[in-house]
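Now for the letters of each chain:
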Amino acid sequence: MADEERRSGEAADGEGPEGRRPETGFGVEEGRLTLRERKKLRTRQRISGEATLLFIRRGFDHVTVAEVARAAEVSTMTVFNYFPRKEDLFLDRIPEAGELIVRAVRERGADESPLAALRRLVLGLLAERHPLAGVGEGFEHFWRTVLDSPALRARGREAVEEMEGTLAALLAEAAGGDADRPGHEARLGAGLIVAAIRVAYLEAVARQLGGDPVDEVAVEQPEVLRCTFEALERALPGFA
């Protein structure tokens, strides 16, 4: 999942893979990387971009990793060096989502609660039309590809569990507890927060798949998120 979603309408029409994404979203600008790191970054982008085009055109389950490697002009081993699982070629922003959550909570202001930091994060992503916000032109092609693949849907469920675990550790840490062994309150809080954000996110996705104009969804989604976080603040005063 990358800025390739923004051009997935082109991919669906069979046009070429111009306009590679300028970044991976891992919180570091390309200009700050070493030459070797930039080369690795661009190889990763090329592999993911070619994979995304193939998956959207033909369906995830009908494309092999070997075909992705040929399209990206690398070896199959190189593909697996960058993406341990085939699913990660398409859902390639899962690590970025985890990093953004970690940074938002750990780097929040002295007077900012974990919930407030997460609210700021998700509203900021939406304002930027970031792919992780789930609202943008061409995203319906990405989500139809996910919905058509049991393997991608399963990986998505795993990602939700991973985010819950990451957030539970962060909430425990924020409360002065053991991040390696989050208690019930932290685990419950993480589960409720991830579930609530997921509901709001999937509502926006469903609207776009149903044909609602993207700009309309983008204008109305902030209020959905505000209501979501207000409910979370009432349910989880210890993290608000």
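Up top you'll find the structure we're talking about.
These numbers come from a predicted model, not from an experiment.

A. How the structure looks around the overall build of the protein chain. The helix and strand tally for the protein chain stands at 11 helices and zero strands. Along the protein chain, from the amino end to the carboxyl end, the secondary structure elements read α-α-α-α-α-α-α-α-α-α-α. For the protein chain, buried positions account for 45% of its 240 residues. Sequence separation of at least 24 residues holds for 69% of the intrachain contacts in the protein chain that already meet a minimum separation of 6.

B. Up close: unusual backbone geometry. Even without being glycine, E73 reaches a positive phi, approximately 60°. Tracing the chain through its elements places E73 in the loop between α3 (65–72) and α4 (76–82). Of note, R129 is a non-glycine position whose phi angle comes to about 55°, a positive value. Among the structural elements, R129 can be located in the loop between α7 (114–128) and α8 (139–147).

C. Representation of the packing of α7 against helix α11 (residues 214–235) within the structure. Where α7 contacts α11, the axes come no closer than 10 Å and their chain directions differ by 170°. In terms of their interaxial angle, α7 and α11 are classed as roughly antiparallel. When α7 is examined against α11, the residues L115, L118, R119, V122, L123 and L126 are found in contact with a partner set consisting of A218, Q221, P222, L225, R226, F229, E230, L232 and E233. When its residues are assigned to classes, the contact of α7 with α11 shows 10 nonpolar, one polar and four charged.

D. Quick peek at the layout of surface pockets. In this structure, the largest pocket encloses a volume near 1000 Å³. Around the largest pocket, the lining comprises 38 residues; the ones closest to its centre are W143, V160, M163, R198 and Y201. Broken down by element, the residue count for the lining of the largest pocket peaks at 10 residues, all from helix α10 (residues 184–209). When the residues that make up the lining of the largest pocket are grouped by side-chain class, the tally is 32 nonpolar, two polar and four charged.

Rules used in this analysis
Residues numbered from 1 in each chain as written. Predicted model: local features only at pLDDT ≥ 70, side-chain atom pairs only at ≥ 80, totals over all residues. Heavy atoms only, no water. Helix = DSSP H or I, 4+ residues; strand = E, 2+ residues; numbered from the N terminus. Buried < 20%, exposed > 50% of the residue type's maximum accessible area, 1.4 Å probe, protein only. Contact = heavy atoms within 4.5 Å. Axes fitted to C-alpha atoms, helices over the stretch in contact; angles between N-to-C directions. Parallel < 35°, antiparallel > 145°, perpendicular 65-115°, else oblique. Nonpolar A, V, L, I, M, F, W, Y, C, P; charged D, E, K, R; others polar. 1 Å grid on protein atoms, 1.4 Å probe; cavity = no way out; pocket = protein on both sides within 12 Å on 5 of 7 lines; lining within 4 Å. Points joined across faces, edges and corners; volume = space filled by probe spheres on them.

This is a description of form; function is not addressed.
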